[in-house]
Amino acid sequence: MEWNDNFNIGVASIDAQHKELVYILKYLQKSIKGNQSQYVFANTIRALVEYTKIHFTDEERFMESIGFPQLGEHKEIHQTLIQEVKHILLRLKRRENIKPIELMRFLNDWVTKHIMNEDQLIGKFVLDETRRAVGNEIIDLTHEEIGNLEYTTKLQALTELYNQQAIPFNEYQKKCCDLILTYCNPKSINNHDDLGRALSSVENLSNNSYIHNDVCEALKRYIITHVSMNEILESFANSKAQLTFLNSMREYNLLSPADHSRYKETITKTV
Ligand SMILES: [Fe+2]
Ligand SMILES: [Fe+2]
């Protein structure tokens, strides 16, 4: 029986106690291999029971403190597990012949299955709650009136969350876009200068690692599809400048081939 990092549930105090339980099991295994007396064997099992009781109490207190919804069921499982081991102790006391290998298998299963199944749910609950709290905090932040500095700080915080896999990509992208679009609303972009400024400020965010490149590309495309392209084209001095602009949009993949040829047609028609 060895500690395996998959046993970790992500709550340091509980993980430390689980490690201790695994350590006692390892000791028990050694005493079987070393052909220790029934006495040593029974004492080690007794130690296992005592430590398990302490652990269960601490774990239950923790579940209570976080409002863990399956606390009642979990407590019942703990009770059953304790009864099972106590039963074994009783059999040893009566000098019943219990095969050490079988006993070891039972105890290993007893500890690992409970950690891997029920205890993992505690860790999952803590993680979900943390994510929810952090996510809500970010949503609150995006609705506040904020200055320029805070705005980039929020984008960095979001990117950091995404990098730590605390929020999925869709959510990350949506929150970044919501935040950025409050500062560069496509509806307020009326000429090519405005558009150039908006696109380069989005790109700057990506260059400075405030947002991921994918978010930058999605935003640029979003802006292009939501501005009045005809107004932008009209703001150019001549059709040559209009065509150069259109071609560069296409080149940067900001215009679909269909849109590109549609606008191109309009320009050449008016010449
Ligand atoms: Fe447990
Ligand atoms: Fe546990």
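These lines cover the structure that appears in this document, whether it is placed above or below. On a predicted model such as this, the values are computed, not experimentally measured, just so you know.

Some details on the overall build of the protein
Argument step 1. Check the secondary structure of the protein and you find eleven helices and zero strands.
Argument step 2. Traced from its N-terminal end to its C-terminal end, the protein shows the element sequence α-α-α-α-α-α-α-α-α-α-α.
Argument step 3. At 32 Å, the protein has a C-alpha radius of gyration far larger than the 18 Å of a compact globule built from 271 residues.
Argument step 4. The principal-axis extents of the C-alpha atoms in the protein amount to approximately 105 × 35 × 30 Å.
Argument step 5. For the protein, the proportion of its 271 residues judged to be buried stands at 18%.
Argument step 6. For the protein, long-range pairs separated by at least 24 residues make up 68% of all intrachain contacts whose partners lie at least 6 apart in sequence.

Observations regarding the nonpolar core
Buried together is how nonpolar side chains tend to be arranged in soluble globular proteins.
Argument step 1. Membership of the largest hydrophobic core comes to 27 residues, with the highest contact counts inside it found for Leu 155, Cys 176, Val 202 and Ile 211.
Argument step 2. Contributions of two or more residues to this core are made by α5 (148-163), α6 (169-181), α7 (192-207), α8 (213-226), α9 (229-234) and α10 (239-251).
Argument step 3. Aside from chain neighbours lying at most four places away, what touches Cys 176 is Leu 155, Leu 158, Ile 211 and Val 215.

Considerations on the packing of α7 against α8
Argument step 1. Axis separation between α7 and α8 bottoms out at 9 Å; the angle between their running directions is 170 degrees. The orientation of α7 with respect to α8, classified from their angle, is roughly antiparallel. Residues Ala 198, Leu 199, Val 202, Glu 203, Leu 205 and Ser 206 of α7 touch α8, and the partners they reach there are Asn 213, Cys 216, Leu 219, Lys 220 and Ile 223.

As for unusual backbone geometry
Argument step 1. The phi dihedral of Ser 209 is positive, around 60 degrees, even though this residue is not glycine.
Argument step 2. Tracing the chain through its elements places Ser 209 in the loop between α7 and α8.
Argument step 3. Exposure remark for Ser 209: the 11 C-beta atoms within 10 Å place this residue in the exposed category.
Argument step 4. Residues other than glycine seldom take positive phi values, yet Asn 253 does so here, at roughly 65 degrees.
Argument step 5. Along the chain, the position of Asn 253 falls in the loop between α10 and α11 (257-270).
Argument step 6. On the basis of neighbour count, Asn 253 is assigned to the exposed category, with 10 C-beta atoms found within 10 Å.

Comments concerning the packing of helix α2 (residues 38-65) against helix α3 (residues 71-93)
Argument step 1. Viewed as axis vectors pointing N to C, α2 and α3 meet at an angle of 170 degrees, and their least axial separation amounts to 10 Å. Here α2 lies roughly antiparallel to α3, going by the angle between them. On α3, the residues that touch Gln 38, Ala 42, Ile 45, Arg 46, Leu 48, Val 49, Thr 52, Lys 53, Phe 56, Glu 60, Met 63 and Glu 64 of α2 are Leu 71, His 74, Lys 75, His 78, Ile 82, Val 85, Lys 86, Ile 88, Leu 89 and Leu 92.

Reading the values: rules and limits
Residues numbered from 1 in each chain as written. Chains lettered and ligands numbered in written order. Predicted model: local features only at pLDDT ≥ 70, side-chain atom pairs only at ≥ 80, totals over all residues. Helix = DSSP H or I, 4+ residues; strand = E, 2+ residues; numbered from the N terminus. Rg over C-alpha atoms; globule rule 2.2 N^0.38 Å. Buried ≥ 20, exposed ≤ 12 C-beta atoms within 10 Å, placed from the backbone. Contact = placed C-beta atoms within 7 Å. Core = buried A, V, L, I, M, F, W, Y, C linked by C-beta atoms within 7 Å. Axes fitted to C-alpha atoms, helices over the stretch in contact; angles between N-to-C directions. Parallel < 35°, antiparallel > 145°, perpendicular 65-115°, else oblique.

As far as function goes, none of this settles anything; it's purely spatial.
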